[in-house]
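# A closer look at the structure
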Amino acid sequence: MSDFDGQTALELFRAMLRIRLVEEAVALRYGELEMRCPIHLSVGQEAVAVGLCAELRRTDQVLSTHRCHAHYLAKGGDLRAMIAELYGRDAGCCGGRGGSMNLHDAEAGLLLSSPTIGSAIPVAVGAALAMRQAGQDGVAVTIFGDGAAEEGVLHEAMNFAALRSLPVLFVLENNLWSIVTTLEHRQPARPLTELARAHGIPAETVDGNDALAMRAAAARAVARGRRGDGPGFLVCDTYRLRDHCEHTLPLPEDAATRAERAAWREHCPIQRLRRPLLRSGALTEAMEEAMAVEILAEIEDAVAFARSAPFPTTAGVEETLYV
């Protein structure tokens, strides 16, 4: 830990804590039945989003999945607009029409989130191609799960990205589960990095619950894209500590799954960074408490804003239809 950068680690810690507290608040309020959309939480996976987005500019484009809250917030998306979207209000980031799985913030560079498995992957390649054609040194990042890695569109996208040497980063959040089916029951025993290497794309496996390791890996891959050296691929090993979707589709309650969850709780990304921060003195319990109080106040403000905002009206329904 001699090269431990306390300030950088502290920033990553706060960003992860903010995401965790936001999602826990959402989970707590979801039972009130005012959020009428499916909710997929990233509890346990915060380090991937935070470490990755710490290396991105606002002008870089991120394309996410149905489990998009962490990516949206880490990229700088507006919390008020996000919560309003969950409540289906007109002030939401998609006008209250998209819900939890369709977050978007153009100013922050969160281009889109799509619940259709794998569908954002080729759009990211298109975004990277647009940047290249415009002479920009931006990077497009597509984040997807291990379930989406089984979609054929991933191979089509990687093939084209490699052929054109595009600045796109493929980030695979490997949380070991596709809804309620384990990775070992869906894929053969081989490194997921081989998916990318088959297309000649450099690939790396990262401890996705280590925010510092995640940021370092992202820095290498993003720098390669900016230099014009083509696409990259990161396999981020992590784990979701909640069910696939709130109030539905719980993970099996067998002994093996309970033990697996308990083991991964010991590797919680927030706690893993908290311990060295406390040892180094960069964080104190008083500082952590003050952080939490500030974040919780921000969440209460966002909820109050969302609840007071009007619902969309039928008058503007055609504004977002394309026929």
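Residues numbered from 1 in each chain as written. Predicted model: local features only at pLDDT ≥ 70, side-chain atom pairs only at ≥ 80, totals over all residues. Heavy atoms only, no water.

## Focus on the environment of Gly281
Mapped onto the elements, Gly281 comes out in the loop between α10 (269–280) and α11 (285–308). When the C-alpha atoms of Gly281 and Gly6 are compared, they prove to be 8.2 Å apart, with 275 residues separating the residues in sequence. (Helix = DSSP H or I, 4+ residues; strand = E, 2+ residues; numbered from the N terminus.)

## Considerations on the side chain of His71
You can see His71 is positioned in helix α3 (residues 69–74). In contact with His71, not counting residues within four places along its chain, are Ala49, Cys53, Ser64, Leu110, Ile143 and Glu173. (Contact = heavy atoms within 4.5 Å.)

## Remarks on the sheet that holds strand β8 (residues 232–237)
Pairing within the open sheet is parallel, and its 6 strands lie in the order β2-β1-β3-β4-β8-β7. With one partner strand each, in any of the chains shown, β2 (110–113) and β7 (203–207) form the two edges of the open sheet. With direction set aside, neighbouring strand axes in the sheet form an average angle of 20°. Judged from the 6 bridges that link them, strand β4 (residues 168–174) and β8 form a sheet pairing that is parallel. Bridge assignment links Val171 to a residue of β8, and that residue is Leu234. (Pairing = 2+ DSSP bridges. Axes fitted to C-alpha atoms, helices over the stretch in contact; angles between N-to-C directions.)

## A look at the packing of helix α1 (residues 6–30) against α11
Geometry of a packed helix pair, given as the angle between the helix axes and the separation of the axes. Contact geometry for α1 and α11: axes closest at 10 Å, N-to-C directions at 45°. Our classification of the angle between α1 and α11 gives oblique. Read as a crossing pair, α1 and α11 show a hand that is right-handed. Of the residues in α11, those touching α1 at Leu10, Phe13, Arg14, Leu17, Arg18, Leu21, Val22, Ala25 and Arg29 are Met287, Glu288, Met291, Ala292, Glu294, Ile295, Leu296, Glu298, Ile299, Glu300, Val303 and Arg307. The residue inventory of the contact of α1 with α11, partitioned by class, reads 13 nonpolar, no polar and 8 charged. (Parallel < 35°, antiparallel > 145°, perpendicular 65-115°, else oblique. Left-handed = near helix turned anticlockwise from the far one by under 90°. Nonpolar A, V, L, I, M, F, W, Y, C, P; charged D, E, K, R; others polar.)

## Points about α10
An α-helix turns once per 3.6 residues; consequently, residues spaced three or four apart project the same way. When the terminal C-alpha atoms of α10 are compared, their 17 Å separation across 12 residues agrees well with the 16 Å that a helix rising 1.5 Å per residue should span. Within α10, the full set of buried residues consists of Pro269, Ile270, Leu273, Arg274, Pro276 and Leu277. Where α10 is buried, its residues contact α1, α2 (46–53), α8 (211–227) and α11. In the stretch just after α10, Gly281 is the one whose phi turns positive, near 90°. (Expected span 1.5 Å × (residues − 1). Buried < 20%, exposed > 50% of the residue type's maximum accessible area, 1.4 Å probe, protein only.)

## Some remarks on the nonpolar core
Grouped together as the largest cluster of nonpolar side chains are 71 residues, with contacts concentrated most on Leu52, Met82, Ile83 and Val141. Ranked by the residues each element gives to this core, the list is headed by α1, at 13 residues. If sequence neighbours within four positions are ignored, Met82 has contacts with Val22, His69, Tyr72, Leu73 and Leu103. Ile121, Val125, Ala149 and Met158 belong to the second-largest nonpolar core, a separate cluster that totals 28 residues. (Core = buried A, V, L, I, M, F, W, Y, C linked by side-chain atoms within 4.5 Å.)

## Structural notes on the side chain of Arg240
Among the structural elements, Arg240 can be located in the loop between β8 and α9 (255–265). At 5.5 Å, Asp243 is the nearest oppositely charged side chain to Arg240, a buried residue that forms no salt bridge. A polar contact of 3.3 Å, which involves the side chain of Arg240, links it to the backbone oxygen of Arg242. (Lys, Arg positive; Asp, Glu negative; His and termini not counted. Salt bridge = Lys/Arg side-chain N within 4 Å of Asp/Glu carboxyl O. Polar contact = N/O pair within 3.5 Å; in protein donor to acceptor, adjacent residues only side chain to side chain.)

## Let's talk about the pairing of strand β1 (residues 61–64)
Successive residues of a regular strand alternate their side chains across the two faces of the sheet. Neither face of β1 is exposed, since Gln61 and Leu63 on one face and Val62 and Ser64 on the opposite face are all buried. Note: β1 against strand β3 (residues 140–145), 3 bridges, orientation parallel. Paired with Gln61 across the two strands is Ala140, which belongs to β3. With 3 bridges connecting them, β1 and β2 associate as parallel partners. If you follow Leu63 over to β2, its bridge partner there is Leu112.

## Brief notes about the pattern of salt bridges
Evaluated as defined, the whole model comprises 19 salt bridges. Among the ionic pairs, Arg57 bridges to Asp137, the shortest N-O distance being 2.9 Å. Taken together, the residues Arg57 in the loop between α2 and β1 and Asp137 in the loop between α5 (120–133) and β3 connect sequence positions 80 residues apart. Where Glu246 meets Arg242, a salt bridge forms, and the shortest distance between an N and an O atom there is 2.9 Å. Connected through salt bridges with shared partners, the residues Glu32, Glu34 and Arg307 form a single ionic network.

## Topic: unusual backbone geometry
A positive phi angle is found at Leu176, which is not glycine, with a value near 75°. Note on Leu176: relative accessible area 23%, which makes it partly exposed. In this model, Ile179 sits at a positive phi of 60°, which is unusual for a non-glycine residue. Note that Ile179 resides in the loop between β5 (177–178) and β6 (181–182). Residue classification places Ile179 among the partly exposed positions, given a relative accessible area of 37%.

## Here's the deal with the packing of helix α4 (residues 79–86) against α11
It is the contact of α4 with α11, at a shortest axis distance of 8 Å, that shows an interaxial angle of 50°. Comparing the axis directions of α4 and α11 gives the class oblique. Of the two possible hands of crossing, α4 and α11 adopt the one that is right-handed. Here Leu79, Arg80, Ile83 and Ala84 of α4 come into contact with α11, specifically with Glu298, Ile299, Asp301, Ala302, Val303, Phe305 and Ala306. Looking at the contact of α4 with α11, its residues break down into 8 nonpolar, no polar and 3 charged.

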